Amino acid sequence: MTSRGKHREDALRILVVEDDNRVAEALAGALRRNGYDVQRAASAAQALAAPPVDLVLLDLGLPDRDGIEVCRELRARGGVPVIAVTARGSEPDRVRGLRSGADDYVVKPFGTAELLARIEAVLRRSMNHQPRQEPLLTLDDGLAIDLAQRTVTLDGRPVPLTRKEYDILAVLVRAGGAAVSRDRILVEVWQTAYDGMSRTLDVHVATLRGKLGRTGNLVRTVRGFGYRLTTNPATPDSAPPPAAAGC
């Protein structure tokens, strides 16, 4: 990322909230090697007392307080992006984590490459987010998406999307070109992360692409992860980086 400078004062700041010292050291080392400025907290109290950062990696199994509560408080304080890092991998746990305000949810054990990719995606979404004005996206091929007016036009003509189709497209627009996980789309559009809804999501995306006509290929599949909206139809479908050794 261009905002990750070589000098420490230019580095993005990440708070690692993890009570297992071995795991925290591994995470901090991997992040520093990739140019991030890392702060650490071993408890909820330390996390809530930490200075401002650009992103929080939050273990939900903290010794002094439920990580879900900590996530809600962190987001209420100023909207700092949060990635929940936890061994709780069940569907109800993922839903609770995402509904509490987490921007993404990573289940242990995980690969370093996967975690870094998710961090970059969340940071891109955060930096592209404009809280006071919904985006107006106009592409060279005639597609215009106005989130403030909830309208989509192609060559000046309205595209008749259903509410769910529009909501999926809006999630992708707000991501600013970053890949969005299936779980995140399901939670934001259907208020669930139930794996059985994955096929429903695929069907809606296929219908959305069809209604977008020649611009439907701008909605790209990110294999094994989710979807993204690209402004370059010549860019091939992408996949997350291969997993490295677990952190």
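Now for a description of the structure that goes with this document. (Residues numbered from 1 in each chain as written. Predicted model: local features only at pLDDT ≥ 70, side-chain atom pairs only at ≥ 80, totals over all residues. Heavy atoms only, no water.)

1. Considerations on the pattern of salt bridges
If charged atoms from side chains of opposite charge come close, those side chains can pair. Evaluated as defined, the whole model comprises 15 salt bridges. Residues lysine 108 and aspartate 59 are paired through a salt bridge, measuring 3.7 Å at the closest nitrogen-oxygen approach. Of this pair, lysine 108 sits in the loop between β5 (104-107) and α5 (112-128) while aspartate 59 is found in strand β3 (residues 55-59), placing the two residues 49 residues apart along the sequence. On the accessibility criterion, lysine 108 (25% relative accessible area) is partly exposed. The salt bridge partner of glutamate 114 is arginine 118, with a shortest N-O separation of 2.9 Å. Of this pair, glutamate 114 and arginine 118 both sit in helix α5, 4 residues apart, which is roughly one turn of that helix. (Salt bridge = Lys/Arg side-chain N within 4 Å of Asp/Glu carboxyl O. Helix = DSSP H or I, 4+ residues; strand = E, 2+ residues; numbered from the N terminus. Buried < 20%, exposed > 50% of the residue type's maximum accessible area, 1.4 Å probe, protein only.)

2. A closer look at the sheet that holds strand β4 (residues 82-86)
If you walk across this open sheet you meet the 5 strands as β2-β1-β3-β4-β5, and the pairing is parallel. The sheet is open, and its two borders are formed by β2 (37-41) and β5, each paired with just one other strand. Going across the sheet, the axis of each strand differs from the next one's by a mean of 20°, ignoring polarity. Where β4 meets β5, 4 bridges bridge the pair, whose relative direction is parallel. Paired with valine 85 across the two strands is valine 106, which belongs to β5. Set on the sheet, helix α3 (residues 67-78) makes contact with β3 and β4; between it and β3 the angle comes to about 165°. (Pairing = 2+ DSSP bridges. Axes fitted to C-alpha atoms, helices over the stretch in contact; angles between N-to-C directions. Contact = heavy atoms within 4.5 Å.)

3. Describing the environment of proline 52
Its location among the elements puts proline 52 in the loop between α2 (44-49) and β3. The class for proline 52 is exposed, based on a relative accessible area of 63%. Between the C-alpha atoms of proline 52 and leucine 15, which are 37 residues apart in sequence, the distance is 8.8 Å. In this structure proline 52 touches Arg13 and Gln39, once residues within four positions along its chain are discounted.

4. Let's talk about the sheet that holds strand β9 (residues 157-158)
The antiparallel open sheet is built from 4 strands, whose spatial order is β6-β7-β8-β9. Only two strands of the sheet have a single partner each, and these edge strands are β6 (136-138) and β9. Relative to β9, strand β8 (residues 151-154) runs antiparallel, the two being bridged by 2 bridges. Each bridged residue has a counterpart across the sheet, and for threonine 153 the counterpart in β9 is proline 158.

All we've got here are geometric facts, nothing functional implied.
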